[in-house]
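# Structure assessment
Residues per chain are reported as follows:
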Amino acid sequence: MLGGIFWGFSGNCGEVLMHAFDAPPGWLTPLRMVIGGAFFIILSAFIDRERLIAAAKDKRMLVMIILFGVFGVMLMQYSYLCAIDYAGAGTALTLEQVNVVFVMAWLCIRERRAPRPRELAGVVLAFTGVVVIATQGDITVLNLPLLGLIWGIASALATAFYNLLPQRPLERYGTCVVNGYGMIFGSMACSALMRPWSYEVHLPVEGWIVFVGLVGIGTIAAYFLYIQGVKDAGPMRASLLACSEPVAGTFIGAVWTGSTITVWDIIGLILIIGMVFLVTQREDAHEPADVPA
């Protein structure tokens, strides 16, 4: 739960950096990833050196890690910051939870089965929650910036890639190694596309403090806490506890950045969190869903 709260905090850090200090997503994303990736690589060199070296020599797994870094890590973090830029942290974090629907759809395709009634109900809740947030109760008007909605759904899709792509490399080489390499490769791809050196970003001391919060608390600490939660409580319970992310992001934003929370935002948030409960819960005869939120 604390990991989810820290992720919610990171969303607000990103919003402050973009809106108060004019740091664009194309500059923040590669810098955030290269620092996080370097941290995990250095940590792996101390605690898991053999698997760190073995992963670099395993061409097949390395290709999968590169795909994970580009389509999972990079796309997730860039679209996530873009959604925050256009729609605000609370809304972006809520829309990101729709990733569970994409994961569910893929699992149904892979297992060649129809969605269960509980899963279909979750999809309905997710769709209704998105509509409520985007229209604020008036379906004739889009009250959410269109680009904010598009980037929010893109963030959810990218988060689904992030959850699904690294399964085999994670089993063989562990989370620190895979995420370290993934962030490094993702930062390289993002740098090639976004050319962060072309931006003129001059952060004051306050801006760098917020950036440290984004990387240190919102990326590294949140990751470790969530993984510990998966280890202690299991993936299903951990994913449900991580629903603290949009709740924390919404209320931290209200206190810190003065973001307005409407009744419709709260209703949409409740509906989408309800979707997570429905989709991640399985029948007793099945294994718990390994679907991080």
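In short, a report on the structure.

## Some points on the overall build of the protein chain
A tally of helices and strands in the protein chain yields 14 helices and zero strands. Mapped from its N terminus to its C terminus, the protein chain presents α and β elements in the order α-α-α-α-α-α-α-α-α-α-α-α-α-α. Here the protein chain has a C-alpha radius of gyration of 18 Å; the compact-globule value for 293 residues is 19 Å, and the two agree. Reported as C-alpha extents along the three principal axes, the dimensions of the protein chain are approximately 55 × 55 × 30 Å. Put simply, the protein chain has 293 residues, and 51% of those count as buried. A separation threshold of at least 6 residues defines the contact pool for the protein chain, and within that pool the share at least 24 residues apart is 86%. Accessible area of the protein chain: about 13,700 Å², with a carbon and sulfur share of 68%. Computed over 17 positive and 20 negative side-chain charges, the separation of the two mean positions in the protein chain equals 13 Å.

## Topic: the packing of helix H4 (residues 59-87) against helix H5 (residues 89-96)
At their nearest, the axes of H4 and H5 sit 7 Å apart, and the two run at 135° to each other. Accordingly, the angle class assigned to the pair H4 and H5 is oblique. The two elements H4 and H5 meet at a crossing, and its hand is right-handed. Contacts between H4 and H5 involve Met76, Tyr80, Ala83, Ile84 and Ala87 from the first element and Ala89, Thr91, Ala92, Leu93 and Glu96 from the second. For the contact of H4 with H5, the residue count by class is eight nonpolar, one polar and one charged.

## Digging into the nonpolar core
Counting 22 residues, the largest nonpolar core has Leu17, Ala23, Leu28, Ile84 and Leu203 as its most contacted members. Elements with a contribution of two residues or more to this core: helix H1 (2-20), helix H2 (25-47), H4, H5 and helix H11 (205-233). Counting residues per element, this core draws most heavily on H11, which supplies five residues.

## What about the packing of aromatic side chains?
Considering all chains together, one arrives at eight aromatic pairs under this definition. Measuring from ring centre to ring centre gives 5.6 Å for Tyr78 and Trp151, while their planes differ by 85°; the resulting arrangement is edge-to-face. One end of the pair, Tyr78, is in helix H4; the other, Trp151, is in helix H8 (residues 146-164), and 73 residues separate them in sequence. Relative accessible area serves as the criterion here: at 18%, Tyr78 is assigned to the buried category. Relative accessible area serves as the criterion here: at 24%, Trp151 is assigned to the partly exposed category.

## Comments concerning the side chain of Gln136
With respect to the element layout, Gln136 can be found in the loop between helix H7 (117-135) and H8. Within the local environment of Gln136, its side chain forms a polar contact with the side chain of Thr262, the two groups lying 2.6 Å apart. Setting aside its immediate chain neighbours within four residues, Gln136 contacts Val131, Asn143, Thr262, Trp264 and Asp265.

## Let's talk about the pattern of salt bridges
Tallying each qualifying case throughout the model produces five salt bridges. Of the charged contacts in the structure, one is a salt bridge between Glu111 and Arg113, with a shortest N-O distance of 2.6 Å. Of the residues examined, Glu111 reaches a relative accessible area of 36% and is grouped as partly exposed. The shortest N-O distance in the salt bridge between Arg116 and Glu119 comes to 3.7 Å. With relative accessibility at 16%, the residue Arg116 sits in the buried group.

## A look at the environment of Thr175
Looking at the secondary structure, you find Thr175 in helix H10 (residues 175-194). Considering only alpha carbons, one finds Thr175 and Phe40, 135 residues apart in sequence, at a separation of 9.1 Å.

## So, the state of the cysteines
Overall, the coordinates contain zero disulfides when judged by the stated rule. Its sulfur unpaired, Cys13 is 17 Å from the next cysteine sulfur, which belongs to Cys82. Overall, Cys13 belongs to the buried group, its relative accessible area being 1%.

What counts and what doesn't
- Residues numbered from 1 in each chain as written.
- Predicted model: local features only at pLDDT ≥ 70, side-chain atom pairs only at ≥ 80, totals over all residues.
- Heavy atoms only, no water.
- Helix = DSSP H or I, 4+ residues; strand = E, 2+ residues; numbered from the N terminus.
- Rg over C-alpha atoms; globule rule 2.2 N^0.38 Å.
- Buried < 20%, exposed > 50% of the residue type's maximum accessible area, 1.4 Å probe, protein only.
- Contact = heavy atoms within 4.5 Å.
- Areas by Shrake-Rupley, 256 points an atom, 1.4 Å probe, with all protein chains shown as cover.
- Lys, Arg positive; Asp, Glu negative; His and termini not counted.
- Charge placed at Lys NZ, Arg CZ, Asp CG, Glu CD.
- Axes fitted to C-alpha atoms, helices over the stretch in contact; angles between N-to-C directions.
- Parallel < 35°, antiparallel > 145°, perpendicular 65-115°, else oblique.
- Left-handed = near helix turned anticlockwise from the far one by under 90°.
- Nonpolar A, V, L, I, M, F, W, Y, C, P; charged D, E, K, R; others polar.
- Core = buried A, V, L, I, M, F, W, Y, C linked by side-chain atoms within 4.5 Å.
- Phe/Tyr/Trp six-rings, centres within 6.5 Å; stacked < 30°, edge-to-face > 60°.
- Polar contact = N/O pair within 3.5 Å; in protein donor to acceptor, adjacent residues only side chain to side chain.
- Salt bridge = Lys/Arg side-chain N within 4 Å of Asp/Glu carboxyl O.
- Disulfide = S-S within 2.5 Å.

Worth remembering: the numbers are spatial, not functional.
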